Amino acid sequence: MFLYILAVFFSVPSYGAIAPATQSNSIQLVRVSLGTHSKVFLNSIDLIANGEKIFEGPAYLDLRCTQNKYGENYFYLPGSQKRYTLVNLQSPSQIISVNKMPYRGTITLQASPEGCLVVNTLPIEQYLFGLINKEMPSSWPMEALKAQAVAARSYALSRIEKRKNLPFDVEPTTADQVYEGVKAETAKARQAVMSTRNQILERTGKVFTAYFHANCGGKTDTPENVWGRKEAGFTSVYCPFHKNKTNKNSWSISLSFDQIGAALRKISSQAKSVIKIARLDTRPEKNGNRQAQVLLSDTSGRQLEIPAAEFRQALGNTKMKSTIFELDQNTKTNEVKIRGQGYGHGVGMCQIGAKQLAILGKTYREILSFYYPLAQISLLK
Ligand SMILES: [Zn+2]
């Protein structure tokens with residue numbers, strides 16, 4: 001059991017930083033944030049901390065990451081009087097469990113005012129082992145899984161380049177890509193990763209941010225249309241697999257104007273000025289099949305324009321599944337039914353479409369060039 005000792009007379013080591021993942025001996029590493037926790041339970045075998053063996057055999061560590069009354073952030077490892085602000089843990093077994101979830105690679109703990117930031121650093125191919133089955137069911141055709149592996153590898157690399165100065169490269173959620181470590185691995189997911197090993201999408205010599213989504217609803221979209229920011233290399237493509245009911249992914253949600261107002265106020269400073277919604281209108285994209293804006297009119301006659309992607313985010317991306325929608329509102333009861341189809345932002349590869357192309361006998365290369373026609377498959381340098 002961990003013993004918390006207030007040994008304030010010891011000097012606290014300087015606040016460390018988690019080194020960016022680098023490419024050494026041709027192995028590209030990726031740093032995945034496992035969140036910030038005030039308590040962390042770790043277990044492994046023959047645990048090594050900052051290069052020093054601290055446990056022979058099974059190790060169970062119950063850590064508390066708290067701030068003392070002097071505002072100092074640090075933690076102790078069981079059996080040690082040494083204060084840590086940053087520790088890198090590894091095991092010859094290559095597996096360390098964090099809060100009962102096993103991960104490959106190393107685990108870094110960094111003390112912060114909010115608790116311990118836990119980061120899992122591992123080779124990118126092993127990261128993909130624990131990701132593919134969370135992003136695309138392993139029951140789907142192998143060529144679709146391989147296309148997913150190349151897209152996910154490219155996306156991760158683009159984040160590594162972008163977040164060099166941050167303590168981690170990716171989050172293990174839909175904010176980036178869903179990753180759940182060893183528990184999520186399947187033989188098919190590993191096969192899809194290893195048979196496309198080191199393959200990425202590139203454009204003009206640079207790694208391509210290969211966004212993907214579950215269901216485009218009939219046409220993919222561009223970052224400019226969806227997020228209002230230009231990113232070269234994307235084009236909208238017709239995806240001919242959404243005519244039948246299963247692939248249409250129709251959805252609907254019913255909400256009151258008050259619920260929508262409350263949800264919008266949480267994420268939009270503009271919406272804070274809107275007291276009571278009186279009606280909602282939509283403005284479609286000029287050259288797409290999605291809504292671009294939602295127009296909010298309040299009871300005092302003020303109007304506010306909210307980007308449709310922000311409106312979706314406010315209501316919850318898993319509830320309001322896409323920005324392909326129509327509003328059916330009742331201004332007497334102040335309620336609205338939102339009916340839509342598709343799932344996800346719509347940029348890049350449509351996963352349902354990738355599955356259908358694979359069923360038709362297309363290779364992963366053909367699938368990737370269908371959804372990313374302006375990018376090329378290349379090898380990780
Ligand atoms: Zn599609």
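Residues numbered from 1 in each chain as written. Predicted model: local features only at pLDDT ≥ 70, side-chain atom pairs only at ≥ 80, totals over all residues. Heavy atoms only, no water.

Participant: Whenever I open this one, the coordination of the zinc ion confuses me. Can you help?
Facilitator: Each angle at a metal carrying four tetrahedral donors should ideally be 109.5 degrees, and each at a metal carrying six octahedral donors should ideally be 90 or 180 degrees. Coordination sphere of the zinc ion, protein contribution only: Cys216 (SG), Cys239 (SG), His242 (NE2) and Cys350 (SG), at 2.1 to 2.3 Å. Coordination geometry of the zinc ion: the four donor atoms subtend angles of 100 to 120° at the metal centre, consistent with an arrangement described as tetrahedral. Taken in chain order, the donor set of the zinc ion reads C-x22-C-x2-H-x107-C. Here Cys350 lies in strand 24 (residues 349–350) and His242 lies in the loop between helix 5 (223–227) and helix 6 (245–248), a separation of 108 residues in the sequence. (Donors = N, O, S within 2.8 Å, 3.2 Å for Na, K, Ca; no water. Tetrahedral: all angles 85-135°; square planar, octahedral: opposite > 155°, others 65-115°. Helix = DSSP H or I, 4+ residues; strand = E, 2+ residues; numbered from the N terminus.)

Participant: Can you walk me through the pattern of salt bridges in this structure?
Facilitator: One side chain can pair with another of opposite charge once the charged atoms of both are near each other. Under the defined criterion, the tally for this structure stands at 17 salt bridges. Across the pair Arg83 and Glu72 runs a salt bridge, and its minimum N-O distance is 3.8 Å. Here Arg83 is found in strand 9 (residues 83–84), whereas its partner Glu72 is found in the loop between strand 7 (66–67) and strand 8 (73–76), with eleven residues between them in sequence. By relative accessible area, which is 7% here, Arg83 ends up buried. Residue Glu72 is classed as partly exposed on the basis of its relative accessible area, which comes to 25%. Connected via shared salt-bridge partners are Arg104, Glu185 and Arg190. (Salt bridge = Lys/Arg side-chain N within 4 Å of Asp/Glu carboxyl O. Buried < 20%, exposed > 50% of the residue type's maximum accessible area, 1.4 Å probe, protein only.)

Participant: Which parts of the structure should I look at to understand the nonpolar core?
Facilitator: For soluble globular proteins, the rule of thumb is that nonpolar side chains tend to be buried together. Among the nonpolar cores identified, the biggest contains 78 residues, and Leu42, Leu109, Tyr127, Met349, Tyr371 and Tyr372 are the most heavily contacted of them. Each of domain 1 (23–123) and domain 2 (130–244 + 345–373) contributes no fewer than three residues to this core. What Met349 contacts, discounting residues up to four positions off in sequence, is Met136, Ala147, Gln148, Ala151, Tyr211, Phe212, His213, Ala354, Ile367, Leu368, Tyr371 and Tyr372. Ranked by size, the runner-up nonpolar core spans 23 residues in total, among them Ile253, Ala271, Ile277 and Leu296. (Core = buried A, V, L, I, M, F, W, Y, C linked by side-chain atoms within 4.5 Å. Domains from an automatic or database assignment. Contact = heavy atoms within 4.5 Å.)

Participant: I'm lost on the domain arrangement of the protein in this one. Help?
Facilitator: Parsing the protein into structural domains produces domain 1 (23–123), domain 2 (130–244 + 345–373) and domain 3 (250–341). Each of domain 1 and domain 3 has a C-alpha centre, and the two are 43 Å apart.

Participant: I tried to follow unusual backbone geometry on my own but got confused; where do I start?
Facilitator: Most peptide bonds take the trans configuration, and most residues that are not glycine carry a negative phi. Non-glycine residue Asn50 carries a positive phi angle of around 45°. Here Asn50 lies in the loop between strand 4 (48–49) and strand 5 (52–53). At Asn334, a residue that is not glycine, the phi angle is positive and equals roughly 60°. Using a relative accessible area of 30% as the deciding quantity, one classes Asn334 as partly exposed.

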